[in-house]
Amino acid sequence: MRLARILLTVAALLAPGLSKAELVLVASARSAGIELNHERAENLYLGNTTTLADGTPVKLIDLPNGMLRDDFYLKLTGKNPAQIRAYWSRQVFTGRALPPREAGSVAEARQWLTDIPNLIGYLERSDVPAGARILLRFP
């Protein structure tokens with residue numbers, strides 16, 4: 001497991017374009033007072049909590065399967081794609097949590113993140129729409 005994680009990290013760093021992408025966690029600018037740190041974001045995206053520190057409920061979205069999604073989860077949780085799939089399979093099977101809703105495309109995610117308050121998602125920094133606010137950066 002440890003070797004696989006190291007190899008995935010090295011591959012992510014060497015992949016052209018992927019290592020240069022700055023991923024950010026964003027929410028609608030209409031979302032009042034959402035503040036996140038890395039630990040809280042990880043707990044949200046692993047289904048350990050569905051609320052912010054102040055108790056405000058939030059919804060999450062995922063991008064479609066692909067390199068950006070894999071890179072996001074690696075940077076946020078340190079888990080590779082196979083580990084994330086296995087994790088969510090266990091969570092769903094045991095009834096503990098459901099994974100974030102998956103957008104059909106980056107464009108759809110951008111629209112949702114602009115229109116829906118208290119919705120959190122991740123995008124490349126260059127894809128953040130004017131109606132969204134950056135909550136957390138992943139270099």
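### A short note on the packing of helix α2 (residues 38-45) against helix α3 (residues 67-77)
α3 packs onto α2 with a crossing angle of 125° between their chain directions and a minimal axis gap of 9 Å. The angle between α2 and α3 places the two elements in the oblique class. Note that α2 runs across α3; the crossing there is left-handed. Residues His-38, Ala-41, Glu-42 and Tyr-45 of α2 form the contact with α3, whose own contacting residues are Phe-72, Tyr-73, Lys-75, Leu-76 and Thr-77. Within the contact of α2 with α3, the residues separate by chemical class into 5 nonpolar, 2 polar and 2 charged.

### So, the layout of surface pockets
Estimates place the volume of the largest pocket at around 330 Å³. Where the lining of the largest pocket is concerned, the elements lending two or more residues are α2 and β2 (59-62). Tallied by class, residues from the lining of the largest pocket come to 11 nonpolar, 3 polar and 3 charged. Quantified by volume, the second largest pocket comes out at close to 220 Å³. Along its surface, the second largest pocket is lined by Asp-62, Asn-65, Arg-69, Asp-70, Tyr-73, Pro-81, Ile-84, Arg-85, Trp-88, Pro-99 and Pro-100. If you list the elements that add at least two residues to the lining of the second largest pocket, you get α3 and α4 (81-94). Sorting elements by how many residues they give to the lining of the second largest pocket places α4 first, with 4 residues.

Conventions we followed
Residues numbered from 1 in each chain as written. Predicted model: local features only at pLDDT ≥ 70, side-chain atom pairs only at ≥ 80, totals over all residues. Heavy atoms only, no water. Axes fitted to C-alpha atoms, helices over the stretch in contact; angles between N-to-C directions. Helix = DSSP H or I, 4+ residues; strand = E, 2+ residues; numbered from the N terminus. Parallel < 35°, antiparallel > 145°, perpendicular 65-115°, else oblique. Left-handed = near helix turned anticlockwise from the far one by under 90°. Contact = heavy atoms within 4.5 Å. Nonpolar A, V, L, I, M, F, W, Y, C, P; charged D, E, K, R; others polar. 1 Å grid on protein atoms, 1.4 Å probe; cavity = no way out; pocket = protein on both sides within 12 Å on 5 of 7 lines; lining within 4 Å. Points joined across faces, edges and corners; volume = space filled by probe spheres on them.

None of the figures reported here should be taken as evidence of function without further support.
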